[in-house]
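Structural description and commentary
One-letter residues, chain by chain:
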Amino acid sequence: VALVTLAVFLPGTARSATHGTSLPFKEYSAGHVTINLVTGELHTSGLPTPYSHMGLHTSESVGYAIPDGSGGFDVFANVTGTAANGDHLFGTLTNDLLVFTGGSGRFEGATGYLMTIWQQNTNILISGGILSIDFEQYSEGVLNLNRP
C-alpha cells in the first residue's frame, strides 16, 4: 500500500525563532492524492479540516512520488495551505515531514514544521496509469509566526 502524506516534517526539538514564539501546531486532514505512475507527478487536494492557528483549512500540493523499492513512494512536493480567512501557509513536503517556508497575511515569514503521526489510506484505485488514494491523517509540529 502506498504511503503518501499531505503535510508533515522536521522531527526533533522545536526551536524558537529570533522573533516570536514557537506555537504547538496540530492538524487533522483528509483529502485525495493522485500519482501518475508513468511520470511520478503527484497532486493532493485536501478537504476542509481544522488546523490549529488556521481554522477550517484546505490544502493543495504538487510534486513527485518516486517508488522506494518497498511498494511505497518517496514524496517531494510544494504545499499550500489556505486558512479560513484566505491567508496562505507555504511549505515543502518530503515524505512525512512538512517544513513551513512562509506565507501570506499573518503567515508571512512563518517557519516551523509538521510531522505525520498517524495516517490511513483508503479507496486505493489504479486506473489508466493513475493511482488514486483517499487519506486521513493527524500531524503535530511547531509554527513560528516570527513576530515580536
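This text gives an overview of the structure that appears in the document. Here the structure is a predicted model, which means the values were calculated and not measured.

1. Overview of the packing of aromatic side chains
A complete count under the given rule lists one aromatic pair for this structure. Plain terms: the ring middles of Phe25 and Phe100 are 5.4 Å apart, the flat faces sit at 80° to each other, and that makes the pair edge-to-face. Here the residue Phe25 occupies a position in strand 1 (residues 22–36), and Phe100 occupies one in strand 7 (residues 97–103), the gap between them amounting to 75 residues. Note on accessibility: Phe25 and Phe100 belong to one class, buried.

2. Notes on the environment of Thr34
Topologically, Thr34 is positioned in strand 1. Assessed through its relative accessible area of 25%, Thr34 is described here as partly exposed. Between the alpha carbons of Thr34 and Ser45 there is a distance of 8.9 Å; along the sequence they are eleven residues apart. Setting aside chain neighbours within four positions, we find Thr34 in contact with Glu41, Leu42, His43, Ile130, Leu131 and Ser132.

About the criteria used
Residues numbered from 1 in each chain as written. Predicted model: local features only at pLDDT ≥ 70, side-chain atom pairs only at ≥ 80, totals over all residues. Heavy atoms only, no water. Phe/Tyr/Trp six-rings, centres within 6.5 Å; stacked < 30°, edge-to-face > 60°. Helix = DSSP H or I, 4+ residues; strand = E, 2+ residues; numbered from the N terminus. Buried < 20%, exposed > 50% of the residue type's maximum accessible area, 1.4 Å probe, protein only. Contact = heavy atoms within 4.5 Å.

Purely geometric numbers; function is a separate question.
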